[in-house]
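Remarks on the overall topology
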Amino acid sequence: MRVEYAHKDYQRLAEDRSYPHGFGPEIVKAYRKRIGFLGACSDERDIYQLKSLHFEKLGGNRSHQGSIRHNDQFRLVVEIRADQQGKLILVVEVIDYH
């Protein structure tokens, strides 16, 4: 799937090894690992199959989004979309769930 970013800082965090965006090294490493995996997926079924990601649909006003666990505290919020070029995953934010 193509990976796109809702905010340029999240793209920079994925591509610029010297840019921590205020996150600790553990979160940055997990984020980059997840982004690499998402880019290699063919569709959302690949995301659901890897149980260690703990991918889950969100509810309420975020019912069109899902989250992937970085660790016990932080999650990556994403939207799965389709367009003429195929499936894409939009990285919305990294959120502190505590």
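Residues numbered from 1 in each chain as written. Predicted model: local features only at pLDDT ≥ 70, side-chain atom pairs only at ≥ 80, totals over all residues. Heavy atoms only, no water.

1. Thoughts on the side chain of Q65
Examined against the element boundaries, Q65 turns out to sit in the loop between strand 2 (56-57) and strand 3 (66-69). Judged by its relative accessible area of 7%, Q65 is buried. In this view, Q65 contacts K57, L58, V77, V78, E79 and V92; residues no more than four positions away in its chain are not counted. (Helix = DSSP H or I, 4+ residues; strand = E, 2+ residues; numbered from the N terminus. Buried < 20%, exposed > 50% of the residue type's maximum accessible area, 1.4 Å probe, protein only. Contact = heavy atoms within 4.5 Å.)

2. Concerning the packing of helix 1 (residues 8-15) against helix 2 (residues 25-40)
Angle between the axes and distance between the axes are the two parameters that describe a pair of packed helices. At a minimum axis separation of 9 Å, helix 1 and helix 2 run at an interaxial angle of 90 degrees. With respect to their mutual orientation, helix 1 and helix 2 come out roughly perpendicular. Contacts from Y10, Q11, L13 and A14 of helix 1 reach helix 2 at V28, Y31, R32 and I35. Here the contact of helix 1 with helix 2 is built from residues that sort into six nonpolar, one polar and one charged. (Axes fitted to C-alpha atoms, helices over the stretch in contact; angles between N-to-C directions. Parallel < 35°, antiparallel > 145°, perpendicular 65-115°, else oblique. Nonpolar A, V, L, I, M, F, W, Y, C, P; charged D, E, K, R; others polar.)

3. A closer look at the side chain of E79
Relative to the elements of secondary structure, E79 occurs in strand 4 (residues 74-83). The class of E79 is buried, set by a relative accessible area of 10%. Residues contacting E79, with those up to four places away along its chain left out, are H64, Q65, L88, I89, L90 and V92.

4. Digging into the pairing of strand 5 (residues 86-96)
The side chains of a regular strand alternate between the sheet's two faces. Relative to strand 5, strand 1 (residues 2-5) runs parallel, the two sharing four bridges. Considered in strand 5, the bridge of R2 is made with L88. Summarising the sheet, strand 4 and strand 5 pair through 10 bridges and their orientation is antiparallel. Each residue of the ladder has a partner; that of E79, found in strand 5, is L90. Here strand 4 folds back onto strand 5, and the loop between the two strands holds two residues. (Pairing = 2+ DSSP bridges.)

Distances and angles like these do not, on their own, reveal function.
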